[in-house]
Amino acid sequence: MFFRNLTLFRFPTTLDLADLESHLAECALKPVGPLELSSRGFVPPMGQHGEALSHAIAPSTWITVGGEDKLLPGAVVNDLLQKKLAAIEDKEGRKPGGRTRKRLKDELVMELLPRAFVRPVRTDALLDGGLGVIAVDTSSRKSAEAVVSEVRRALGSFPALPLNAEVAPRAILTGWVAGDALPDGLSLGDECELRDPADTGAVVKVQRMELSGEEIAKHLEAGKQVTRLALVLDDHVSFVVGEDLVVRKFKLLDGAVDQLESSDREDVAAELDARFALMAGEFKRLFAVLEQAFKLSKAD
């Protein structure tokens, strides 16, 4: 298990997470009901290889929000609705009004829900009590906030807020590509996105390209600014960070993963434990660099 994306929120390091497991148990996932569209709750991070709803390697804790979603395609509902409306029109000689259409659609949904297929979903998150950070494995702010809301529901109070940079991330990213010194351990990758400052300006996305080359320099001279940038940390982690401070394409490189391959573990739970420990450690190093580079504010 390695996260692919990191949407980050900060919370006070004074927050007491000692009874986290018991709080999560009170909000464990329940099967979606026959007349429900979806259900959310906490599930074991290790899946079938563990029953606990949290897995801690202090100060980091791995939690997972699971869910069940009913698959009810809109095309199916609309097709049946049109047939019902046509039948009413043939019988009564008039087109049903808006209220009738809504009532019939609601009735169809209630009729179809018990027979709909159920799709399981899960979203992992890492809680670092020492840093006061929760990293959710998604690039969607909406999905990440849904996970934070579930943690808040379990704990009763969880004052987690999106990252706040004291300097404009776009200015920092643009400076690095333009030749400003990068923080120790960081090096440029081969991908970036550049935008014209105007709202309707041009957007240029480049991949597998030398970012310090002449072509990129011309875009910078034309006034474009870097809004996403691929970076590498100590040959251990590659990632793309955006001006929204979401970390995408998070990947542990051979320099880090070699530590796993050199050990002999037949137990799947032990393997997952080792992978989480490795990822948590690399995330801590990465966050320290981002915190300093972007002057990230701490939570009160």
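Residues numbered from 1 in each chain as written. Predicted model: local features only at pLDDT ≥ 70, side-chain atom pairs only at ≥ 80, totals over all residues. Heavy atoms only, no water.

Things to note about the overall build of the protein chain
Now for step 1: Check the secondary structure of the protein chain and you find eight helices and 12 strands.
Now for step 2: In terms of overall dimensions, the protein chain is more spread out than a globule: its C-alpha atoms have a radius of gyration of 24 Å, far above the 19 Å expected for 300 residues.
Now for step 3: Structurally, the protein chain occupies a C-alpha span of about 75 × 50 × 40 Å along its principal axes.
Now for step 4: With 300 residues in all, the protein chain has 43% of them scored as buried. (Helix = DSSP H or I, 4+ residues; strand = E, 2+ residues; numbered from the N terminus. Rg over C-alpha atoms; globule rule 2.2 N^0.38 Å. Buried < 20%, exposed > 50% of the residue type's maximum accessible area, 1.4 Å probe, protein only.)

Some details on the nonpolar core
Now for step 1: Among the nonpolar cores identified, the biggest contains 50 residues, and Leu6, Leu229, Phe239 and Phe283 are the most heavily contacted of them.
Now for step 2: Filtering out sequence-adjacent residues up to four positions away, Phe239 remains in contact with Leu186, Leu229, Ala230, Leu231, Leu233, Val247, Arg248, Lys249, Phe250, Leu286 and Leu290.
Now for step 3: Counting 21 residues, the second largest nonpolar core, distinct from the first, contains Leu24, Leu53, Leu127 and Ala144. (Core = buried A, V, L, I, M, F, W, Y, C linked by side-chain atoms within 4.5 Å. Contact = heavy atoms within 4.5 Å.)

Structural notes on the pairing of strand E10 (residues 225-233)
Now for step 1: Among the nine residues that make up E10, seven are buried, leaving the element largely enclosed by the rest of the structure.
Now for step 2: Bridge analysis of strand E8 (residues 186-195) against E10 gives seven bridges, and the strand direction is antiparallel. Looking across to E10, one finds that Ser187 is bridged to Val232. (Pairing = 2+ DSSP bridges.)

Description of the packing of helix H2 (residues 74-92) against helix H3 (residues 98-112)
Now for step 1: For the pair H2 and H3, interaxial distance at closest approach is 10 Å and the crossing angle is 130 degrees. The pairing of H2 with H3 is recorded here as oblique in orientation. Handedness of the crossing formed by H2 with H3: right-handed. On H3, the residues touching Val77, Asn78, Leu80, Leu81, Gln82, Lys84, Leu85 and Ile88 of H2 are Arg101, Leu104, Lys105, Leu108, Val109 and Leu112.
Now for step 2: Considering only residue class, the contact of H2 with H3 consists of nine nonpolar, two polar and three charged. (Axes fitted to C-alpha atoms, helices over the stretch in contact; angles between N-to-C directions. Parallel < 35°, antiparallel > 145°, perpendicular 65-115°, else oblique. Left-handed = near helix turned anticlockwise from the far one by under 90°. Nonpolar A, V, L, I, M, F, W, Y, C, P; charged D, E, K, R; others polar.)

A short note on the sheet that holds strand E12 (residues 247-252)
Now for step 1: Spatially, E9-E8-E10-E11-E12 is the arrangement adopted by the five strands of the open sheet, whose pairing is antiparallel. Two strands bound the open sheet, and with one partner strand each, they are strand E9 (203-207) and E12. In this sheet, neighbouring strand axes are inclined to one another by 20 degrees on average, regardless of whether the strands run parallel or antiparallel.
Now for step 2: Here six bridges tie E10 to strand E11 (residues 237-242), and the two strands are oriented antiparallel to one another. Paired with Leu233 across the bridge in E11 is Val237.
Now for step 3: Lying over the sheet, helix H5 (residues 169-178) contacts E8, E10 and E11, oriented at roughly 65 degrees with respect to E10.
Now for step 4: Of the strands in this sheet, E8, E10, E11 and E12 are in contact with helix H8 (residues 268-293), which crosses E12 at around 130 degrees.

Looking at the pattern of salt bridges
Now for step 1: Per the stated rule, a full pass over the model turns up 21 salt bridges.
Now for step 2: The residue Lys102 makes a salt bridge to Asp106 at a minimum N-O spacing of 3.1 Å. Here Lys102 pairs with Asp106, and both are found in helix H3, just four residues apart, close to one helical turn.
Now for step 3: Across the pair Asp124 and Arg122 runs a salt bridge, and its minimum N-O distance is 2.5 Å. (Salt bridge = Lys/Arg side-chain N within 4 Å of Asp/Glu carboxyl O.)

Some thoughts on helix H4 (residues 141-155)
Now for step 1: For H4, which comprises 15 residues, the first-to-last C-alpha distance of 21 Å matches the rise-based estimate of 21 Å (1.5 Å per residue) to within 8%.
Now for step 2: Regarding H4, the residues found buried are Ala144, Val147, Val148, Glu150, Val151, Ala154 and Leu155. Seen along its axis, H4 keeps its buried residues to an arc of 150 degrees; they face one direction.
Now for step 3: Where H4 is buried, its residues meet strand E1 (7-10), helix H1 (20-26), strand E2 (38-43), strand E4 (60-71), strand E5 (117-128) and strand E6 (133-136).
Now for step 4: Where H4 terminates, the next one or two residues include Gly156, which has phi positive at roughly 90 degrees. (Expected span 1.5 Å × (residues − 1). Arc of directions from axis to C-beta.)

Description of the pairing of E8
Two faces, one strand: in a regular strand the side chains alternate between the faces of the sheet.
Now for step 1: Here five bridges tie E8 to E9, and the two strands are oriented antiparallel to one another. The partner of Cys192 across the bridge, within E9, is Val206.

Thoughts on the packing of aromatic side chains
Now for step 1: Evaluated as defined, the whole model comprises four aromatic pairs.
Now for step 2: Look at Phe11 and Phe158: their rings are 5.2 Å apart centre to centre, the planes differ by 45 degrees, and that puts the pair in the tilted class. A residue pair is termed long-range when its members are at least 10 positions apart, and Phe11 in the loop between E1 and H1 and Phe158 in the loop between H4 and strand E7 (161-162) qualify at 147 residues.
Now for step 3: You can call Phe11 buried: its relative accessible area is 2%.
Now for step 4: Assessed through its relative accessible area of 1%, Phe158 is described here as buried.
Now for step 5: Aromatic pair Trp62 and Phe276: ring centres 5.6 Å apart, planes at 20 degrees, arrangement stacked. Linking Trp62 in strand E4 with Phe276 in helix H8, this pair joins segments that are 214 residues apart in sequence.
Now for step 6: Judged by its relative accessible area of 1%, Trp62 is buried.
Now for step 7: Its end group placed over the ring of Phe9, Arg141 keeps NZ or CZ at 5.8 Å from the ring centre. (Phe/Tyr/Trp six-rings, centres within 6.5 Å; stacked < 30°, edge-to-face > 60°. Lys NZ or Arg CZ within 6 Å of the ring centre and 35° of its normal.)

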